Amino acid sequence: MGVWKMPSKTESLSGLFGRRVMFFREDIHDISKLINDTFYGAFISPLKGKPIRFRASISEMVKTGYDAVPIVAVISLFLGIILALQAAYQLRRVGALIYVANLVGVSITRELGPIVTAIIVSGRSGSSFAAEIGSMKFEEEVDALVTMGINPVRFLVVPKLVAMMIMVPALTVFSDCVGILGGFLLSVSALDIHPYNYFQQTVNSLLIKDIITGLMKAWAFGIVITIIGAHEGFKVKGSAAEVGRRTTSAVVASIFLVIILDLFFTALFYYFT
Amino acid sequence: MENFEFEQCEYGKGMETAIEIIGLKSHYGDMEVLKDITVSMPKGKITTIVGKSGSGKSTLLKHLIGLLKPTKGEILIGGKDISVLREEELNEVRKKMGVLFQGAALLNSLSVSDNVALPIREHTRLNESTIHIMVHMKLDLVGLSGFENFYPSQLSGGMKKRAGLARAMALDPEFLFFDEPSSGLDPVTAAGLDKLILKLRDVFKITIVVVTHELPSLFMISDHVIMLDSGEAIFAGPLDELKTADDPRIKMFLERRPEEETYSPDDYLRVIAGD
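Predicted model, so just to flag it, every value in this text is computed and none were measured.

Procedures and definitions
Residues numbered from 1 in each chain as written. Chains lettered and ligands numbered in written order. Predicted model: local features only at pLDDT ≥ 70, side-chain atom pairs only at ≥ 80, totals over all residues. Heavy atoms only, no water. Pairing = 2+ DSSP bridges. Helix = DSSP H or I, 4+ residues; strand = E, 2+ residues; numbered from the N terminus. Axes fitted to C-alpha atoms, helices over the stretch in contact; angles between N-to-C directions. Polar contact = N/O pair within 3.5 Å; in protein donor to acceptor, adjacent residues only side chain to side chain. Contact = heavy atoms within 4.5 Å. Buried < 20%, exposed > 50% of the residue type's maximum accessible area, 1.4 Å probe, protein only. Phe/Tyr/Trp six-rings, centres within 6.5 Å; stacked < 30°, edge-to-face > 60°. pLDDT = per-residue confidence, 0-100. Parallel < 35°, antiparallel > 145°, perpendicular 65-115°, else oblique. Left-handed = near helix turned anticlockwise from the far one by under 90°. Nonpolar A, V, L, I, M, F, W, Y, C, P; charged D, E, K, R; others polar. Core = buried A, V, L, I, M, F, W, Y, C linked by side-chain atoms within 4.5 Å.

Draft legend 1. Highlighting the sheet that holds strand β7 (residues 175-179) of chain B. Residues and elements named next belong to chain B. Strand order in the open sheet formed by six strands is β6-β7-β8-β3-β9-β10, and the pairing between neighbours is mixed. Looking at which strands have only one partner, the edges of the open sheet turn out to be β6 (97-100) and β10 (232-238). Neighbouring strand axes in the sheet, compared pairwise and without regard to direction, differ in orientation by 15° on average. Sheet topology places β7 next to strand β8 (residues 207-211); five bridges connect them, and they run parallel. Across the sheet, F175 pairs through a bridge with T207, a residue of β8.

Draft legend 2. Expanded view of the side chain of T207 of chain B. Residues and elements named next belong to chain B. With respect to the helices and strands, T207 occurs in strand β8. A polar contact of 3.0 Å, which involves the side chain of T207, links it to the backbone nitrogen of G44. What T207 contacts, discounting residues up to four positions off in sequence, is A18, P42, K43, G44, K45, E174, F175 and L176.

Draft legend 3. Main features of the environment of I133 of chain A. All names here are of chain A. When you line up the elements, I133 lands in helix α4 (residues 100-138). Taking relative accessible area as the criterion, I133 reaches 0% and is therefore assigned buried. In this structure, the C-alpha to C-alpha distance between I133 and T226, residues 93 residues apart in sequence, is 11 Å.

Draft legend 4. Structural context of the packing of aromatic side chains. Residue and element names in this part refer to chain A. In the structure shown here, the tally under the stated rule is six aromatic pairs over all chains. Between F264 and F265, the aromatic rings sit 5.7 Å apart at their centres with planes inclined by 70°, giving edge-to-face as the arrangement. According to the relative accessible area criterion, F265 is buried, its value standing at 12%. On the numbers, 5.1 Å between centres and 90° between planes, the contact of Y270 with Y271 is edge-to-face. Y270 gets classed as exposed once you look at its relative accessible area, which sits at 61%. The exposure class assigned to Y271 is exposed, which follows from its relative accessible area of 64%.

Draft legend 5. Focus on the confidence of the model for chain B. Residues and elements named next belong to chain B. For chain B, the mean per-residue pLDDT works out to 88, and 93% of the residues sit at or above 70. Ranking the elements of chain B by mean pLDDT puts helix α10 (residues 265-272) last, at 74, and β8 first, at 95. Our summary of model confidence lists the complex with pTM equal to 0.86 and ipTM equal to 0.87.

Draft legend 6. Examining the packing of helix α3 (residues 112-123) of chain B against helix α4 (residues 128-141) of chain B more closely. Residue and element names in this part refer to chain B. For the pair α3 and α4, the least separation of the axes is 9 Å and the interaxial angle reads 120°. It follows from the interaxial angle that α3 and α4 lie oblique. Every pair of crossing elements has a handedness; the one defined by α3 and α4 is right-handed. On the side of α3, the interface is formed by V112, S113, V116, A117, I120 and R121, while α4 contributes E128, I131, M134, V135, K138 and L139. The residue inventory of the contact of α3 with α4, partitioned by class, reads eight nonpolar, one polar and three charged.

Draft legend 7. Highlighting the nonpolar core. Residues and elements named next belong to chain B. Grouped together as the largest cluster of nonpolar side chains are 58 residues, with contacts concentrated most on I19, I49, L64, I77 and F177. Apart from residues lying up to four places away in sequence, I19 is in contact with V39, S40, M41, L64, L76, I77, F175, F177 and V209. Of all hydrophobic cores here, the second largest spans 35 residues; its members include L155, L193, L196 and I206.

Draft legend 8. Summary view of unusual backbone geometry. Residue and element names in this part refer to chain B. The phi dihedral of D36 is positive, around 55°, even though this residue is not glycine. Within the secondary structure layout, D36 lies in strand β2 (residues 31-42). Unlike most non-glycine residues, K205 shows phi in positive territory, near 55°. Residue position: K205 is located in the loop between α6 (187-204) and β8.

Draft legend 9. Quick look at the sheet that holds β2 of chain B. Residue and element names in this part refer to chain B. Spatially, β2-β1-β4-β5 is the arrangement adopted by the four strands of the open sheet, whose pairing is antiparallel. Unpaired on one side and paired on the other, β2 and β5 (80-81) mark the two borders of the sheet. In this structure, strand β1 (residues 17-28) lies alongside strand β4 (residues 72-77), joined through five bridges in antiparallel fashion. In the sheet register, E20 faces β4, and the bridge partner there is L76.

Printed below as a string of structure tokens:
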């Protein structure tokens with residue numbers, strides 16, 4: 001038997017690094033192709049007589065949007081209450097309790113509404129996209145679509161993208177309202193702020209800009225979650241266990257990218273609005 | 001490398017070629033899965049591709065239906081080399097093909113009738129009532145009328161394959177490809193499916209390619225047989241010639257004899273140590 005040498009530390013380190021870079025490069029390539037195909041399917045194909053699957057889009061909207069309403073409502077309500085409590089803790093000392101309304105209103109519409117909604121949607125829909133497409137890949141359903149001359153991206157991902165581009169902003173608006181309601185309920189009950197004052201203060205503190213920037217973020221988050229979920233799903237090759245692994249990494253990657261994108265948008269809006 | 005073009009031999013005279021594979025090579029990573037395969041398949045007949053597990057038969061099928069691109073070589077289907085076609089051109093060729101996958105690959109979110117209607121809705125502009133009639137006819141053909149509103153999860157294995165076949169037949173294809181049609185089926189159901197394949201050949205004159213390793217199926221349906229071993233075509237010709245072939249690998253397959261163990265434990269250790 002020949003002598004088998006352990007690779008030296010430098011070799012294995014550079015090997016590890018090289019492999020990571022290669023995988024990363026492959027991922028970037030696949031994701032850009034997926035983005036290209038998805039947007040082509042959503043915006044160009046309909047002009048060429050291949051319409052978006054309307055009924056599938058509606059059913060995706062129900063799954064990603066309507067079904068998420070209860071969880072978004074509960075979390076946003078609690079978030080509003082928590083935020084009001086934390087704000088009151090500091091503002092009480094300077095006797096500026098009424099500014100709880102400003103703080104809750106602005107931080108929810110600009111930041112927490114979009115991000116919390118995106119995280120909930122990542123967990124619900126991002127994972128379900130990856131699992132659905134992954135198991136279809138595993139069961140050869142994706143191959144079947146290809147052999148029928150149907151582009152799987154147009155067939156599977158475009159309805160999801162359409163649903164997410166509409167439903168994530170919609171859920172965000174809903175989350176904003178419920179979050180502000182949470183702050184309002186706490187303030188009028190525990191902090192003894194007059195309901196009308198709280199309402200006026202909120203309306204005065206919010207600018208249209210705050211809401212619009214929040215919705216723009218939500219729209220972008222919707223796209224990111226769809227693409228990552230679909231990408232992880234299409235990557236499934238071998239086993240059923242891989243579907244589970246890909247689902248997990250879809251959630252982790254989409255939450256991570258949502259936060260990164262949020263940082264980018266926040267910085268952008270800070271300097272340019 | 002032997003060339004298996006049946007037009008040159010006695011049996012193939014006067015037969016038209018439907019599918020021709022010339023010098024096909026394919027790799028998974030660094031591993032060569034198909035090694036220079038040159039075979040052809042007759043029009044309107046049933047060609048079975050047989051071989052052991054891992055012999056490359058499923059890979060060959062994937063090349064035929066355009067799911068994989070070869071490293072080298074040509075795949076002529078109806079005279080067009082599908083390995084060099086662009087996606088849109090390939091989709092045009094695919095409209096003339098029907099594929100039945102191993103697990104039938106029905107879309108689980110759609111009912112049986114929607115599954116069968118899918119290629120028709122995607123590729124034609126027929127109205128719903130015409131599509132309804134077509135779907136009914138296709139399901140009737142495979143013996144599944146009355147199951148229109150069932151979902152794939154409610155069907156048995158054999159019924160799923162029949163439904164998958166109805167979908168493959170939806171656009172009246174010229175070519176039908178079957179990946180292991182009898183796998184996972186009991187002998188009776190499998191024989192029923194084989195009979196259906198024969199019926200499709202006789203009634204519609206479709207060129208049929210079946211990948212299988214089931215001997216009863218092979219003997220029942222084949223007109224023309226291609227045998228693969230470790231990525232090489234070791235036989236191509238009519239079924240009768242296969243039965244009388246001298247090649248020990250073919251005999252071993254047909255007589256269902258086990259292979260000698262390839263590795264001694266020492267060799268095995270050497271292999272896993274990368275020597």
